[in-house]
Amino acid sequence: MSGTDGLTKEQLKQAVCEAIERRGNEIIELGETILHHPETGFNERKTAALVADAMRAIDLNPETGLAVTGVKGRLKGSRPGPRLALIGELDSLRTSDHPFADPHTGAAHSCGHNAQIAGMLGAAMGLSALGEAAGLAGEVVFFAVPAEEFIDVAERLRRKQAGEIEFLLGKPELVAKGHFDDIDMAMMIHVGSHDQMSRRSYIADSSNGAVVKQIRFFGRASHAGGAPQLGINALSAAQIALNAIHCQRETFWDRDTVRIHPIITKGGDAVSVVPAEVTMETFVRGGSLEAIVDANMKVDRCLRAGAMAMGAEVEINTIPGYLPQRNDRRFAEVFGGNVEALFGPGHFDIGGHRTGSTDMGDIAHLIPVIHPYLASARGKTHGADFRINEPEHGYLTPAKLLAMTAIDLLYGDAAPAQEILAGFTPAFTKDTYLDFARGLFKTERYGGA
Ligand SMILES: [Zn+2]
C-alpha cells in the first residue's frame, strides 16, 4: 500500500519526522513559552490564544472557547475514515516554590503539560506539511483541552453555580458540551520523570479513578478555657471522622488500590475558642467504579460518625472526579512500536496499574484511548524540582510519536484504527456516562439540632 504520491508508510513517517525537525526550534520555543506563562484550569486564556494562532498559521481553522478555553483544529484525510484526536492539556498546577511559578498566582507547570501542547502542535505542523502526500483516511483532530488537574475546587464550584461550567474537569465538560461527539479515538503523551521511570516510555493497563469531597463540620463556639462545656467542638468531630476513615483501610481489597488522603483546610478560628467550623477535603480513589462507590459510602459513614459523636453537624459535598483509566492494548502496541523505532527495543513497556488519576479515564469509558508516559524530565512530578531536562525528547519526540502513530492508524484504508474500533466495547454511551457522572454530585447535611 502507498500514499497518494507513492510513499510507503515508513517513508511517510520519515518525512513527518523530518518536517518536525525542520521546525524544531519553533516547537521547543512554544513549549518553553508556555512553561514561563503557566495558567490553571479553565483560566488558560493566553495558552489557548497561542495554540489558536499556531493552528491558524498552518491553516487548521481552529474552533476556540470549547468548555471555556479548549481549541480544536482538524486535518481532513483524502477519504472518509476514523477521526483520531491528538490531545494536549492546557493547564498548569499550582506549585508556588517552583522556579518558573507565576509569582502572583503560584501557578507552575510542575506536571509538564506545556510539553503536551508543544508536542500536539508539533505533530500538527508535521502532518500538515505532508499535505495531500500523506493520503491518510479519516481525520486527525488536534485538540487542546482545559483543566486536567483537579485543583481550585471552590473557584470551579463558583463557576458551576454561575452556569459557566457543569463539571469541574475539562474532559467531562467537553463531553457534556458535545465536543467529543466527532472523535472516534484519542491519544496524548504525558511527560514522565527519569527519577520515577525505569524505561523511556510506558503505558499502564489502568489507573485509579476518584471522587472529590469537600466537608464542613459545624459545632458551637465557646471559651476554650472558661466554658468548653458550653461549646461543640467541630475539630473533635473531624478528628473522630479521620480516625474512623483510617480504621476502614483494612476493609478494602488490595486489588482495589483504594487511596483516601484527607486534609484539614481549616481547623478553627482562634486558639481560645472552641472550634465552631472545621473544613476538610479528600479524594477517594480506587481502581474500579465499584471500589470508588464502596469506599465513598464508607467515608460518608465515618463523617457522619464524627458529627454524631460530638453532637455536631456535617455537610458532605461529593463531586465527580476522574473515572478509572483503561488503556487500549492494541492501540498501546501500535504506539510502542514507534517508541522502539526511535529508541530501540526494550525502551517501552505495557502493563500494570497506576494509583494516580486522569480525566482521560472518562474518555476511555466512551472511545479507545491511550495515555502513555515519555521520560524527558528530572525531579518529582507535581514537585518544585520537576524540570524537562531533555528539550528535544520533551517537546519534539512527543510530536514525532503522535504523528507516527497517527500515520500507522490512518494510512491507506486505516485498517489498524478500524481493528481497534471493532475490538472496543464502550463502558458507557455518552448519555449513560453523563447520567452516572451527574449522579455523583451530592450534598448531604447530617446531625445537629
Ligand atoms: Zn499531568
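Attention in this report is confined to the structure presented alongside it. Quick caveat: nothing in here was measured; it's all calculated off a predicted structure.

Helix and strand content of the chain: 13 helices and 22 strands. Seen through its principal axes, the chain has C-alpha atoms that stretch 85 × 45 × 40 Å. Within the chain, contacts between residues separated by at least 24 positions form 80% of all contacts whose residues are at least 6 apart in sequence. Roughly 17,600 Å² of accessible area belongs to the chain as shown, and the carbon and sulfur atoms make up 51% of that amount. Distance between charge centroids for the chain: 4 Å, based on 44 positive and 56 negative side chains.

This next bit is on the coordination of the zinc ion. A four-donor tetrahedral metal ideally has 109.5 degree angles, and a six-donor octahedral metal ideally has angles of 90 or 180 degrees. Donor atoms from the polypeptide that coordinate the zinc ion comprise Cys111 (SG), His113 (NE2) and His190 (NE2), at 2.1 to 2.2 Å from the metal. Spacing between the donor residues of the zinc ion along the chain follows C-x1-H-x76-H. With cysteine 111 in the loop between β5 (107-108) and α4 (113-130) and histidine 190 in strand β8 (residues 190-193), this residue pair connects regions lying 79 residues apart in the sequence. For the pair shown, cysteine 111 and histidine 190 are each scored as buried.

This brings us to the packing of aromatic side chains. Summed over the entire model, instances satisfying the criterion amount to 8 aromatic pairs. Seen from their ring centres, phenylalanine 167 and phenylalanine 441 are 5.9 Å apart, and the 35° between their planes marks the pair as tilted. One end of the pair, phenylalanine 167, is in the loop between α5 (153-161) and α6 (170-176); the other, phenylalanine 441, is in the loop between α13 (430-440) and β22 (442-447), and 274 residues separate them in sequence. Assessed through its relative accessible area of 2%, phenylalanine 167 is described here as buried.

So, on to the sheet that holds strand β7 (residues 185-187). If you walk across this open sheet you meet the 6 strands as β1-β2-β6-β3-β7-β19, and the pairing is mixed. Edge positions in the sheet fall to β1 (63-66) and β19 (369-370), since each has one partner strand and no second. Where strand β3 (residues 79-89) lies against β7, 3 bridges are found, and the strand directions are parallel. Each residue of the ladder has a partner; that of alanine 85, found in β7, is alanine 186. Across the sheet, helix α3 (residues 45-57) lies against β1, β2 (70-76) and β6 (137-145), angled at about 15° from β2, the strand it touches most.

Attention now moves to the packing of helix α9 (residues 329-343) against helix α11 (residues 391-410). Interaxial distance between α9 and α11 falls to 9 Å at its minimum, and their mutual angle equals 130°. By the angle class used here, α9 and α11 are oblique. Note that α9 runs across α11; the crossing there is right-handed. Side by side, α9 and α11 meet where Phe331, Val334, Phe335, Asn338, Val339, Ala341, Leu342 and Phe343 of the first sit next to His393, Thr397, Lys400, Leu401, Met404, Thr405, Asp408 and Leu409 of the second. Taken together, the residues of the contact of α9 with α11 break down into 10 nonpolar, 4 polar and 2 charged.

Attention now goes to α5. Among the residues of α5, those classed as buried are Val153, Arg156 and Arg159. Burial along α5 is one-sided: seen end-on, the buried residues are contained in an arc of 120°. Residues of α5 that are exposed and angled more than 90 degrees away from the buried face: Arg158 and Gln161. Backbone geometry just after α5 places glycine 163 at a positive phi near 80°.

Nonpolar side chains tend toward joint burial in soluble globular proteins. If you look at the biggest cluster of nonpolar residues, it comprises 67 residues, and the most contacted ones within it are Val51, Leu86, Leu127, Phe142, Phe335 and Leu409. Here the element with the most residues in this core is α11; it accounts for 11 residues. Ignoring any residue separated from it by four or fewer positions in sequence, one finds valine 51 in contact with Val71, Leu90, Ile117, Met120, Leu121 and Ala144. Ala237, Leu242, Ala295 and Ile316 belong to the second-largest nonpolar core, a separate cluster that totals 27 residues.

Cut-off values and rules
Residues numbered from 1 in each chain as written. Predicted model: local features only at pLDDT ≥ 70, side-chain atom pairs only at ≥ 80, totals over all residues. Heavy atoms only, no water. Helix = DSSP H or I, 4+ residues; strand = E, 2+ residues; numbered from the N terminus. Contact = heavy atoms within 4.5 Å. Areas by Shrake-Rupley, 256 points an atom, 1.4 Å probe, with all protein chains shown as cover. Lys, Arg positive; Asp, Glu negative; His and termini not counted. Charge placed at Lys NZ, Arg CZ, Asp CG, Glu CD. Donors = N, O, S within 2.8 Å, 3.2 Å for Na, K, Ca; no water. Buried < 20%, exposed > 50% of the residue type's maximum accessible area, 1.4 Å probe, protein only. Phe/Tyr/Trp six-rings, centres within 6.5 Å; stacked < 30°, edge-to-face > 60°. Pairing = 2+ DSSP bridges. Axes fitted to C-alpha atoms, helices over the stretch in contact; angles between N-to-C directions. Parallel < 35°, antiparallel > 145°, perpendicular 65-115°, else oblique. Left-handed = near helix turned anticlockwise from the far one by under 90°. Nonpolar A, V, L, I, M, F, W, Y, C, P; charged D, E, K, R; others polar. Arc of directions from axis to C-beta. Core = buried A, V, L, I, M, F, W, Y, C linked by side-chain atoms within 4.5 Å.

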